Amino acid sequence: MNFTLLITVLVTAITLVVAAYVLAKLLGPRSYAKVKGEPYESGIPTRGSSWLPVSVGFYLFAILFLMFDVETVFLYPWAVVVKEFGAMALLSIGFFLVVLVLGLAYAWRKGDLEWK
């Protein structure tokens, strides 16, 4: 029964994606102009190459944000079952939060959280 449901969901998902793609290709406007392919930023035409190097700090900041954001998402399932597990749940989340705070302190001490 579960396998049949899985196959049904997959086939439905694939069918809907393909149908949306086909409809977009059939009904969407078609204009192929040189101006359409040019980069455009905030109403000001760009000068020079659009492929400029980006500082690694932006990527590092984004990765740190995602890392701490995803880790805090794990607090929700813990909050749901905390009454069932009692002291063990409190101990495990305490360890989790200590590791989280140590990671934050490490990133802060290295200066990775400063916008440069």
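Keep in mind that what you see is a predicted model, and the values were worked out from it rather than measured.

Conventions and cut-offs
- Residues numbered from 1 in each chain as written.
- Predicted model: local features only at pLDDT ≥ 70, side-chain atom pairs only at ≥ 80, totals over all residues.
- Heavy atoms only, no water.
- Helix = DSSP H or I, 4+ residues; strand = E, 2+ residues; numbered from the N terminus.
- Areas by Shrake-Rupley, 256 points an atom, 1.4 Å probe, with all protein chains shown as cover.
- pLDDT = per-residue confidence, 0-100.
- UniProt positions renumbered as here; feature names shortened; annotations may be inferred.
- Axes fitted to C-alpha atoms, helices over the stretch in contact; angles between N-to-C directions.
- Parallel < 35°, antiparallel > 145°, perpendicular 65-115°, else oblique.
- Contact = heavy atoms within 4.5 Å.
- Nonpolar A, V, L, I, M, F, W, Y, C, P; charged D, E, K, R; others polar.
- Left-handed = near helix turned anticlockwise from the far one by under 90°.
- Patch = residues over 30% accessible without salt bridge, like charges linked within 9 Å, V, L, I, M, F, W, Y side chains within 5 Å.
- Salt bridge = Lys/Arg side-chain N within 4 Å of Asp/Glu carboxyl O.
- Buried < 20%, exposed > 50% of the residue type's maximum accessible area, 1.4 Å probe, protein only.

Bringing the overall build of the protein chain into the picture now. Scanning the protein chain from N- to C-terminus turns up 4 helices and 2 strands. In sequence order, the secondary structure elements of the protein chain are arranged as α-β-β-α-α-α. Per element, the accessible surface of the protein chain, about 10,800 Å² overall, is 74% carbon and sulfur.

What follows is about the confidence of the model for the protein chain. Confidence along the protein chain averages 83 in pLDDT terms, with 89% of residues attaining 70 or more. Per-element confidence in the protein chain is highest for helix H1 (residues 2–27), whose mean pLDDT is 94, and lowest for strand E1 (residues 40–41), whose mean pLDDT is 64.

With numbering matched to this structure, UniProt assigns "transmembrane region" (unreviewed entry) to residues 6–28, 49–68 and 88–108. Regarding residues 6–28, the helix share stands at 96% and the strand share at 0%, and the terminal C-alpha atoms are separated by 32 Å. With 100% helix and 0% strand, the stretch residues 88–108 has end C-alpha atoms that lie 30 Å from each other.

Here we come to the packing of helix H2 (residues 56–73) against helix H3 (residues 75–85). One can describe the packing of H2 onto H3 by two numbers: an axis separation of 4 Å at closest approach and a directional angle of 15 degrees. Accordingly, the angle class assigned to the pair H2 and H3 is roughly parallel. In contact with Glu 71, Thr 72 and Val 73 of H2, H3 contributes Leu 75, Tyr 76 and Pro 77. Looking at the contact of H2 with H3 residue by residue, the class counts come to 4 nonpolar, 1 polar and 1 charged.

Here H2 crosses helix H4 (residues 87–110) at 165 degrees, and the two axes come no closer than 11 Å. One element, H2, and the other, H4, form an angle in the roughly antiparallel class. With respect to the hand of their crossing, H2 and H4 are arranged in left-handed fashion. Touching Leu 64, Phe 68 and Glu 71 of H2 are Phe 96, Leu 100, Gly 103, Leu 104 and Ala 107, all from H4. Split into classes, the residues belonging to the contact of H2 with H4 amount to 6 nonpolar, 1 polar and 1 charged.

What follows deals with a nonpolar patch on the surface. On the surface, a cluster of nonpolar side chains totalling about 1,200 Å² of accessible area is made up of Phe 3, Leu 6, Ile 7, Leu 10, Val 11, Ile 14, Val 18, Tyr 21, Val 22, Leu 23, Leu 26 and Leu 27. Along the chain, Leu 23 turns up in helix H1. The exposure class assigned to Leu 23 is partly exposed, which follows from its relative accessible area of 48%.

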